[in-house]
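Examining the three-dimensional arrangement
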Amino acid sequence: MFKIDDLDETRAPLLDHLIELRTRIVRALLALGAGFAVCLYFADAILGILVWPLKQAFPEGQGQLIFTKLPEVFFVELKVALFAGFMVSFPVIANQLWAFVAPGLYAREKKAFLPFLFATPVLFGAGASLAYFIVMPTAFKFFLGFGGEAGGLQVQALPSAGEYLNLVMQFILGFGVTFLLPVLLLLLHRAGIVSRDQMVAARRYVIVGIFIIAAIVTPPDPGSQIILALPLLVLFEVSLVLMRLQEKAVAADKLAREAEAAAAE
C-alpha cells in the first residue's frame, strides 16, 4: 500500500545534501539533453505543428514563412528542439525536484504539496492549449486583416521564421504560466502569507491586475487580452472557493491532531 513517510530520521551533513543536489541536477540536465536530441531530429515536424495557427489564419493555399538571414532557420530549429525538449522532459525534471525536496517535508506537508505538483502541468497545458487552438489563430487573422493596398502599393504579410517562433513561444509560455494563478494563490494561502478574506477584499485590484497582465502577455489587440483575462478571472474565483475548502481541511486536521495529543496524555 502506498505510504508517505514522515521526515527522514537521519540528518545528512551539508556535503551529502550538496552531492544529492548535484546528482538531481545532472539527471535533470541529462533528461533535458535527451529530450532536446530527440526533438531536434523531429524539429521540422514540430515546427510544422507550431505553424498550424498561422496556416489557419491565412486563406487556403496562401501564406509562407521567410528567413532574412542565412542561419536563421538553423537557430529556429534549435529553439524549437530546446522548447519541445523541455516540455517532454519536464515530468523527469519535476520528479527530480520533488525527490530532492520531499525528504525534508513532514508527511502532512507532502500530502498538502502533492496536489499542486499534479495541478501545475494540467493548468499549464490548459493555458497553452487555449493559446494554440483559439487565441493564436484569432490574433493572427486579426493582424493579417491589415494587409491589402496602401497608396497604390500592395501590403502583404511575410513573417520571418524567427519572429514567428518568438511570438508563438510568447503566447504559449505566457498563457501557460498565467494559468498557474490558482497554484500560486493556494500556495501563498497554505503558507499563511495571504488569507481568503484579504483576497476577497482585494478583488477589484486583482481584476485590474489580471487585465494588466493580459495586456502585457498578449499582443496589442483587445480580443487576445479578453480571451486571456476572462479565464484568469474564473480561475481567481475558483481559487477563492478552494481556499475556503483548504481552510476547512486545515481546521479539521488541527482538531484531529489536538484530539490525538489529548488522547495520548
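Our structure is the block above this text.
Please read all numbers here as calculations on a predicted model, not as lab measurements. (Residues numbered from 1 in each chain as written. Predicted model: local features only at pLDDT ≥ 70, side-chain atom pairs only at ≥ 80, totals over all residues. Heavy atoms only, no water.)

**Examining the packing of aromatic side chains**
Per the counting criterion, the structure on display carries 11 aromatic pairs. Relative to F75, the ring of F74 has its centre 5.3 Å away and its plane inclined at 70°; by these criteria the two rings are edge-to-face. Aromatic rings pair up to connect F140, Y164, F171 and F175 into one cluster. (Phe/Tyr/Trp six-rings, centres within 6.5 Å; stacked < 30°, edge-to-face > 60°.)

**Details of the nonpolar core**
F171, F175, M199, I210 and F236 are the most contacted members of the largest nonpolar core, which totals 50 residues. Of all the secondary structure elements, the ones that give two or more residues to this core are α2 (43-50), α3 (52-57), α4 (72-101), α5 (107-144), α6 (161-178), α7 (181-190), α9 (203-217) and α10 (222-264). Looking at which element gives the most residues to this core, the answer is α5, with 10 residues. Setting aside residues no more than four positions away along its own chain, M199 makes contact with L185, V194, V206, F236, L240 and M243. (Core = buried A, V, L, I, M, F, W, Y, C linked by side-chain atoms within 4.5 Å. Buried < 20%, exposed > 50% of the residue type's maximum accessible area, 1.4 Å probe, protein only. Helix = DSSP H or I, 4+ residues; strand = E, 2+ residues; numbered from the N terminus. Contact = heavy atoms within 4.5 Å.)

**Concerning a nonpolar patch on the surface**
On the surface, L14, L15, L18, I19, L21, I25 and L29 cluster together into a nonpolar patch covering about 660 Å² of accessible area. Take I25: its relative accessible area is 42%, and that puts it in the partly exposed class. (Patch = residues over 30% accessible without salt bridge, like charges linked within 9 Å, V, L, I, M, F, W, Y side chains within 5 Å. Areas by Shrake-Rupley, 256 points an atom, 1.4 Å probe, with all protein chains shown as cover. Salt bridge = Lys/Arg side-chain N within 4 Å of Asp/Glu carboxyl O.)

**Focus: the environment of A201**
Structurally, the position occupied by A201 is in helix α8 (residues 196-201). Separated by 61 residues in sequence, A201 and F140 have C-alpha atoms that sit 38 Å apart.

These figures come from the coordinates and say nothing about function on their own.
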